[in-house]
Amino acid sequence: VHWLLTVWGCMAWLPPSYAWGNFTVLAVGVWAVAQRDSLDAVILFLVGLTLTIVTDIIHFAVLYSTSERESLIDFFRFSAGMAILSLILKPLSCVFVYYMYQERGGEHGLNFGFLTVAPDRGAYQNIDQHDAPPRERSEEH
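These lines cover the structure that appears in this document, whether it is placed above or below. (Residues numbered from 1 in each chain as written. Predicted model: local features only at pLDDT ≥ 70, side-chain atom pairs only at ≥ 80, totals over all residues. Heavy atoms only, no water.)

## A look at the nonpolar core
Okay, so step 1: Counting 21 residues, the largest nonpolar core has W13, L14, V42, F45, L49, F60 and V97 as the members making the most contacts within it.
Okay, so step 2: Elements that contribute at least two residues to this core include exactly α2 (16–34), α3 (39–63) and α4 (73–103).
Okay, so step 3: Of all the elements, α4 adds the most residues to this core, at 9 residues. (Core = buried A, V, L, I, M, F, W, Y, C linked by side-chain atoms within 4.5 Å. Buried < 20%, exposed > 50% of the residue type's maximum accessible area, 1.4 Å probe, protein only. Helix = DSSP H or I, 4+ residues; strand = E, 2+ residues; numbered from the N terminus.)

What follows is the structure, given as structure tokens:
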């Protein structure tokens, strides 16, 4: 869906940077779907989708102008509408990709180094490690 909307969005007014950014992220998405055991591909796809949301907004804000294209107004509106529809659908795609990340064994929290968003597991007891019973100390005086 995003591929077709991006193609239609690029027909009239968006620069090559819009196409390169979106098609690159869609190629990573194909990799993420094809390689079912890779968490890296899914994370790259999720980060790429998030970045293209930001860059699409910047492209639309800077380049959207109908004054130069009065002769092709319907063609421009169709192209702009498809690009905007693609932008509207991207957050929904991000949610689906995040669910795919969780299904493949990704952690529910995200770790960005200095900022950690994860459940607090400090109150849980680790049952994988078998602790030796405590030894009684013989008191030597």
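## Concerning the packing of aromatic side chains
Okay, so step 1: By the definition in use, this model includes 7 aromatic pairs.
Okay, so step 2: Relative to F78, the ring of W8 lies with its centre 5.4 Å away and its plane at 55°, an arrangement referred to as tilted. Of this pair, W8 sits in helix α1 (residues 2–10) while F78 sits in helix α4; the two residues are 70 residues apart in sequence, bridging distant segments of the chain.
Okay, so step 3: Judged by relative accessible area, W8 falls into the partly exposed class, the value being 29%. (Phe/Tyr/Trp six-rings, centres within 6.5 Å; stacked < 30°, edge-to-face > 60°.)

## Details of the packing of α1 against α2
Okay, so step 1: For the pair α1 and α2, the least separation of the axes is 10 Å and the interaxial angle reads 170°. As summarised for this structure, α1 and α2 are arranged roughly antiparallel, according to the angle between their axes. Contacts between α1 and α2 involve H2, W3, T6, V7 and C10 on the former and, on the latter, Y18, A19, N22, F23 and L26.
Okay, so step 2: In terms of residue class, the contact of α1 with α2 is built from 7 nonpolar, 3 polar and no charged. (Axes fitted to C-alpha atoms, helices over the stretch in contact; angles between N-to-C directions. Parallel < 35°, antiparallel > 145°, perpendicular 65-115°, else oblique. Contact = heavy atoms within 4.5 Å. Nonpolar A, V, L, I, M, F, W, Y, C, P; charged D, E, K, R; others polar.)

## Some details on the pattern of salt bridges
Okay, so step 1: As enumerated under the stated definition, the model contains 1 salt bridge in all.
Okay, so step 2: When the shortest N-O distance is used, the salt bridge between D56 and K90 registers 2.5 Å. Taken together, the residues D56 in helix α3 and K90 in helix α4 connect sequence positions 34 residues apart. Across the pair, exposure class does not vary: D56 and K90 are buried alike. (Salt bridge = Lys/Arg side-chain N within 4 Å of Asp/Glu carboxyl O.)

## Quick word on α3
Okay, so step 1: In this model, α3 (25 residues) spans 35 Å end to end at C-alpha, consistent with the 36 Å of a helix rising 1.5 Å per residue.
Okay, so step 2: Along α3, the residues that are buried comprise A41, V42, F45, L46, G48, L49, T52, I53, D56, H59 and F60.
Okay, so step 3: Tucked into the core, α3 has its buried residues touching α2 and α4.
Okay, so step 4: Looking at where α3 begins, the residue whose side-chain oxygen comes 3.5 Å from the main-chain nitrogen of D40 is S38. (Expected span 1.5 Å × (residues − 1). Polar contact = N/O pair within 3.5 Å; in protein donor to acceptor, adjacent residues only side chain to side chain.)

## Structural notes on α2
Okay, so step 1: Look at α2: 27 Å from first C-alpha to last across 19 residues, which is about the 27 Å you get at 1.5 Å a residue.
Okay, so step 2: For α2, the set of buried residues is Y18, A19, N22, V25, L26, G29 and A32. Angularly, the buried residues of α2 cover 150° about the axis, an arc narrow enough to put them on a single face. In this structure, α2 carries P16, W20, V30 and A34 as exposed residues pointing more than 90 degrees from its buried face.
Okay, so step 3: Lining the buried residues of α2 we find α1, α3 and α4. (Arc of directions from axis to C-beta.)

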